[in-house]
Amino acid sequence: MWSVSIAILFHTLVILLVAGHQLMYLRDKVSLVQTAINEGESVLVTLASQAGLDDLLAKPGNVTLFGPTDDAFFELPMEIRYALENDNLTRLAFLQYHIVNQTIHRSQLKNEATFNTLSGQPIRINFYHNNTVATASGRPIDLGRVDLNATNGVLNVLDGVMLPPIGSMADGCRQSSQLKTLTTLLIESAVIKDVGTLGPLTLFGPSDEAFAKLPKGAIDGLLKNTTALQELMYYHVVLNTYFRAGMETGSLKTLSGKYLNLTVSLDGVKVNGANVISVDETVSNGVIHMLDTVLTPP
């Protein structure tokens, strides 16, 4: 009786192993389009078809698709979703930013690694929290669903939608409607060149309203003291890229050589007590977060 049961169990295990192998084989044999659909990315596939990129994702080749799930699309602000649905230039640029013209496997995903996309703009990879959290341009990578091989490349699943960078950190400041004072001070201090060319960097940028809270005459005084102005600007810039997903309570070294103290809680993120009021503005050499208060160097 026992021998019969063991024989049946062994036979069942063999069947399961063979079936599992065949399932993996079948999945490996489908295109990126079908692989994406299998992983719950029908919205992405629909947008790709509308943009004329479905052929690229279906024909033979070696590309990597960083594919956001359907849930990730539904979490986008309404204005971005509207643009993706109704403006083909926006749709095309967005989709090209999610495609790299080479296969990228898990072993190639390193902290601060960058990969140029079909849009010409780089995706930046970051790892945080002892490598348990990974992001692509600030959006969470599902580490349980990377290296999904297709006939024409690899799919790495994202739990968020990447937004193409608007240029360098200097460009991001210049184009922001809420960082006009900061931009002026970066230019006057000549720090604008560093934040435009160095990297990777994280900028904690005080908003115009934050600067408006300074005592009367404070900004004029800074403009007359280049050394103090440069120190203030460098104190708001941190080495390396820290997206919101990678922030944790602790200290970060700035370009001034001094440190910022971060406090992360359910209420949000504070830097030296200042509130982070906007996060994850992706730029080509890092990321910009916005503060409600100007930081004072110790």
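Note that the coordinates shown come from a computational prediction; the quantities given were computed from them, not determined experimentally.

## Remarks on the pattern of salt bridges
Line of reasoning, step 1. Evaluated as defined, the whole model comprises five salt bridges.
Line of reasoning, step 2. In this structure, Arg174 and Asp171 form a salt bridge, with 3.8 Å as the shortest nitrogen-oxygen distance. Pair noted here: Arg174 and Asp171 are both in helix H8 (residues 169–175), with a separation of three residues, about one helical turn.
Line of reasoning, step 3. Here Arg174 falls in the partly exposed class, since its relative accessible area comes to 48%.
Line of reasoning, step 4. Residue Asp171 is classed as partly exposed on the basis of its relative accessible area of 29%.
Line of reasoning, step 5. Put simply, Glu39, Asp142 and Arg145 are held in one network by salt bridges that share partners.

## Observations concerning the UniProt feature "domain: FAS1" (unreviewed entry) in the protein chain
Line of reasoning, step 1. With numbering matched to this structure, UniProt assigns "domain: FAS1" (unreviewed entry) to residues 10–162 and 166–295.
Line of reasoning, step 2. Regarding residues 166–295, the helix share stands at 34% and the strand share at 31%, and the terminal C-alpha atoms are separated by 25 Å.

## Describing the confidence of the model for the protein chain
Line of reasoning, step 1. On average, residues of the protein chain score 91 in pLDDT, and 90% of them are at 70 or above.
Line of reasoning, step 2. Residue range residues 1–28 is modelled with pLDDT below 50. Its contacts to residues more than four positions away, or to other chains, number seven contacts.

## Concerning unusual backbone geometry
Line of reasoning, step 1. Along the chain, Gly199 connects to Pro200 via a cis peptide bond; the corresponding omega equals 0 degrees.
Line of reasoning, step 2. Checked against the element boundaries, Pro200 lands in the loop between helix H10 (191–197) and strand S9 (201–206).
Line of reasoning, step 3. The residue Asn130 is not glycine, and still its phi comes out positive at about 55 degrees.
Line of reasoning, step 4. Along the chain, Asn130 turns up in the loop between strand S4 (122–128) and strand S5 (133–136).
Line of reasoning, step 5. On the accessibility criterion, Asn130 (79% relative accessible area) is exposed.

## Structural notes on the nonpolar core
Line of reasoning, step 1. Counting 24 residues, the largest nonpolar core has Leu32, Leu57, Leu65, Phe73, Phe94 and Leu95 as the members making the most contacts within it.
Line of reasoning, step 2. Those elements giving two or more residues to this core turn out to be helix H2 (32–38), helix H3 (42–50), strand S1 (63–68), helix H5 (70–74), helix H7 (88–96), strand S7 (148–150) and strand S8 (153–158).
Line of reasoning, step 3. Non-local contacts of Phe94, meaning those with residues more than four positions away in its chain, are made with Leu47, Phe73, Leu84, Val161, Met162 and Pro164.
Line of reasoning, step 4. Ala170, Val191, Leu201 and Val294 belong to the second-largest nonpolar core, a separate cluster that totals 23 residues.

## A closer look at the domain arrangement of the protein chain
Line of reasoning, step 1. The domain architecture assigned to the protein chain consists of domain 1 (23–158) and domain 2 (169–291).
Line of reasoning, step 2. Computed from C-alpha coordinates alone, the two centres of domain 1 and domain 2 are separated by 30 Å.
Line of reasoning, step 3. With eleven residues of domain 1 in contact, the opposing surface of domain 2 contributes 14 residues.
Line of reasoning, step 4. Here domain 1 meets domain 2 over a buried area of about 950 Å², counting both sides, of which 53% is carbon and sulfur.
Line of reasoning, step 5. Area buried by domain 1 at its contact with domain 2 is led by Arg124, Tyr128 and His129, which between them contribute 50% of it.
Line of reasoning, step 6. If you look at where domain 1 meets domain 2, you find zero salt bridges.
Line of reasoning, step 7. Summed over the shared surface of domain 1 and domain 2, the number is six residue pairs in polar contact (both at pLDDT 80 or more).
Line of reasoning, step 8. For the side of domain 1 that touches domain 2, the secondary structure elements donating two or more residues are S4 and S5.
Line of reasoning, step 9. No other element matches the four residues that S4 contributes to the side of domain 1 that touches domain 2.
Line of reasoning, step 10. Partitioning the side of domain 1 that touches domain 2 into residue classes produces three nonpolar, five polar and three charged.

## With respect to the packing of H3 against H7
Line of reasoning, step 1. At a closest axis distance of 9 Å, the pairing of H3 and H7 adopts a crossing angle of 120 degrees. Relative to H7, H3 is oriented oblique. Two packed elements cross with a definite hand, and for H3 against H7 that hand is left-handed. Along its contact with H3, which presents Leu44, Leu47, Ala48 and Gln50, the element H7 presents Asn88, Arg91, Phe94 and Leu95.
Line of reasoning, step 2. Each residue belonging to the contact of H3 with H7 can be placed in one class, and the counts come to five nonpolar, two polar and one charged.

About the cut-offs
Residues numbered from 1 in each chain as written. Predicted model: local features only at pLDDT ≥ 70, side-chain atom pairs only at ≥ 80, totals over all residues. Heavy atoms only, no water. Salt bridge = Lys/Arg side-chain N within 4 Å of Asp/Glu carboxyl O. Helix = DSSP H or I, 4+ residues; strand = E, 2+ residues; numbered from the N terminus. Buried < 20%, exposed > 50% of the residue type's maximum accessible area, 1.4 Å probe, protein only. UniProt positions renumbered as here; feature names shortened; annotations may be inferred. pLDDT = per-residue confidence, 0-100. Contact = heavy atoms within 4.5 Å. Core = buried A, V, L, I, M, F, W, Y, C linked by side-chain atoms within 4.5 Å. Domains from an automatic or database assignment. Buried area = accessible area lost by both parts, 1.4 Å probe. Polar contact = N/O pair within 3.5 Å; in protein donor to acceptor, adjacent residues only side chain to side chain. Nonpolar A, V, L, I, M, F, W, Y, C, P; charged D, E, K, R; others polar. Axes fitted to C-alpha atoms, helices over the stretch in contact; angles between N-to-C directions. Parallel < 35°, antiparallel > 145°, perpendicular 65-115°, else oblique. Left-handed = near helix turned anticlockwise from the far one by under 90°.

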